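Chains, contacts and geometry: an overview
Chain by chain, the residues:
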Amino acid sequence: MSDQPTQRVHIRSVPTEVIEVLRARAKAQGTTLSGYLRDSLVRLADQPTTPGSR
């Protein structure tokens, strides 16, 4: 997916505690919060959609 054009995504109202956990996970993997979230979203998008989900 890295060769494809990209777009920005803005997510509002994320609790501070959630950001702190995600930032720590990103640091543990040697990446930035943005990189960690981008990779997580790509993995999520690669999963098949389950029947009945929207």
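One structure accompanies this document, and this report is about it. The shown structure was predicted, so the numbers you read here are calculated from the model rather than taken from an experiment. (Residues numbered from 1 in each chain as written. Predicted model: local features only at pLDDT ≥ 70, side-chain atom pairs only at ≥ 80, totals over all residues. Heavy atoms only, no water.)

As a further point, take the overall build of the protein chain. When helices and strands are tallied, the protein chain shows 2 helices and 0 strands. Taken against the 2.2 N^0.38 rule, which gives 10 Å for 54 residues, the C-alpha radius of gyration of the protein chain at 13 Å runs more than 25% over that of a compact globule. Taken along the three principal axes of its C-alpha coordinates, the protein chain extends 35 × 30 × 20 Å. Evaluated residue by residue, the protein chain yields a buried proportion of 9% over its 54 residues. If you sum the accessible surface of the protein chain, you get close to 5,400 Å²; carbon and sulfur atoms cover 52% of it. (Helix = DSSP H or I, 4+ residues; strand = E, 2+ residues; numbered from the N terminus. Rg over C-alpha atoms; globule rule 2.2 N^0.38 Å. Buried < 20%, exposed > 50% of the residue type's maximum accessible area, 1.4 Å probe, protein only. Areas by Shrake-Rupley, 256 points an atom, 1.4 Å probe, with all protein chains shown as cover.)

Turning next to helix 2 (residues 33–46). End to end, helix 2 covers 20 Å across 14 residues, agreeing with the expected 20 Å (1.5 Å per residue, within 8%). Taken as a whole, helix 2 has its buried residues at L33, G35 and Y36. Around the axis of helix 2, the buried residues are gathered within 165 degrees of arc, so they sit on the same side. Exposed side chains of helix 2 directed beyond 90 degrees from the buried face belong to S34, R38 and A45. (Expected span 1.5 Å × (residues − 1). Arc of directions from axis to C-beta.)

In this section: the layout of surface pockets. The calculated volume of the largest pocket comes to roughly 870 Å³. Around the largest pocket, the lining comprises 20 residues; the ones closest to its centre are Q7, V9, L37, R38 and L41. At 7 residues, helix 2 tops the list of elements feeding residues into the lining of the largest pocket. Among the residues forming the lining of the largest pocket, the class breakdown is 11 nonpolar, 7 polar and 2 charged. (1 Å grid on protein atoms, 1.4 Å probe; cavity = no way out; pocket = protein on both sides within 12 Å on 5 of 7 lines; lining within 4 Å. Points joined across faces, edges and corners; volume = space filled by probe spheres on them. Nonpolar A, V, L, I, M, F, W, Y, C, P; charged D, E, K, R; others polar.)

With respect to the helices and strands, the residue V9 is situated in the segment before helix 1 (16–28). Residue V9 is classed as exposed on the basis of its relative accessible area, which comes to 64%. When the C-alpha positions of V9 and R43 are compared, they lie 16 Å apart, and in sequence the two are 34 residues distant.

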